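Here's the letter readout for the chains.
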Amino acid sequence: MEIQKGKFLSELKTKMKNDKSLPLRSNATNLVFGEGNPETEVMFIGEGPGYWEDQKGIPFVGNAGAFLNQLIVTAGLTREEVFITNVVHHRPPENRDPEPSEVAAYQPYLDEMIKIIEPEIIVTLGRFSMGKFLPNARISSVHGKKFDVNWKGRELVIVPMYHPAAGLRATGVKEQTIEDFKKLSEILKEVNDNESEKSNESTGEQMQLV
Ligand code: URA
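Rules and cut-offs
- Residues numbered from 1 in each chain as written.
- Predicted model: local features only at pLDDT ≥ 70, side-chain atom pairs only at ≥ 80, totals over all residues.
- Heavy atoms only, no water.
- Helix = DSSP H or I, 4+ residues; strand = E, 2+ residues; numbered from the N terminus.
- Buried < 20%, exposed > 50% of the residue type's maximum accessible area, 1.4 Å probe, protein only.
- Polar contact = N/O pair within 3.5 Å; in protein donor to acceptor, adjacent residues only side chain to side chain.
- Salt bridge = Lys/Arg side-chain N within 4 Å of Asp/Glu carboxyl O.
- UniProt positions renumbered as here; feature names shortened; annotations may be inferred.
- Pairing = 2+ DSSP bridges.
- Contact = heavy atoms within 4.5 Å.
- Axes fitted to C-alpha atoms, helices over the stretch in contact; angles between N-to-C directions.

1. Describing the environment of Thr 14
At step 1: Within the secondary structure, Thr 14 is located in helix α1 (residues 2-17).
At step 2: Looking at Thr 14, the relative accessible area reads 43%, which means it is partly exposed.
At step 3: Among the polar contacts listed, one links the side chain of Thr 14 to the backbone oxygen of Ser 10, at a separation of 3.0 Å.

Okay, here's the thing in structure tokens:
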């Protein structure tokens, strides 16, 4: 299965590389598709590539990326075991916010990534990716909380977080984000416990049927 997910992701990446209709591609150096473990339970979705991400073709490798790496460890995870991507996969000029039409143009690819990876939990980084799953939420009131969302027929746990770059701009947000990622480790445990309970129940049911 792992090989399949990896294969599907690399096919999707090739499709994206060849898609001349993507609106931000003409100013970008590289496609920043996303990277990580295709088998992960936890996916992180940011906003869009900045200068270093555009240079390297890898998400979150600049200053915000260094802070994100630290936050991932705070949650008891490693960068290698999760998958990280963005709502737009080419750098917007001058690091401006992506336009709604640009987010919409990249959306089918992001949706397909989610379908392939089938994560249990999506951690949104900043308001653009939060808006995809929790359109009416305000980041200041929902950050670090767990939301059970039915998204396109799929049960997902969404945990909205402040964007790591916001943490680098304001000490209060930085401290809050570190606290939120500590709580993320508890949310991960809770979701895993629920999953193993469900699978024990179904094994129990099967045994009774035998
Ligand atoms: N900020 C983002 O939202 N994504 C990146 O990949 C880098 C910085």
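2. Remarks on the pattern of salt bridges
At step 1: According to the stated counting rule, one finds 14 salt bridges in the structure shown.
At step 2: Put simply, Lys 5 and Glu 39 hold a salt bridge, and the shortest N to O gap is 3.9 Å. A residue pair is termed long-range when its members are at least 10 positions apart, and Lys 5 in helix α1 and Glu 39 in the loop between β1 (35-36) and β2 (42-46) qualify at 34 residues.
At step 3: Each of the salt bridges in this network shares a partner with another, and the network as a whole consists of Lys 5, Glu 39 and Glu 118.

3. A few points about the UniProt feature "domain: Uracil-DNA glycosylase-like" (unreviewed entry) in the protein
At step 1: On the UniProt side, "domain: Uracil-DNA glycosylase-like" (unreviewed entry) is annotated at positions that read residues 33-182 here.
At step 2: Taken end to end, residues 33-182 is 43% helix and 19% strand, and its first and last C-alpha atoms sit 28 Å apart.

4. Points about the sheet that holds β2
At step 1: Overall, mixed pairing links the 6 strands, which are arranged β1-β3-β2-β4-β6-β5 in an open sheet. Two strands lie at the open edges of the sheet, namely β1 and β5 (147-151), each paired on one side alone.
At step 2: Of the pairings in the sheet, the one linking strand β4 (residues 121-125) to strand β6 (residues 154-161) comprises 5 bridges and is parallel in character. Considered in β6, the bridge of Leu 125 is made with Met 161.
At step 3: The sheet contacts of helix α4 (residues 100-117) involve β2, β3 (83-86), β4, β5 and β6, and relative to β2 the element is tilted by about 170°.

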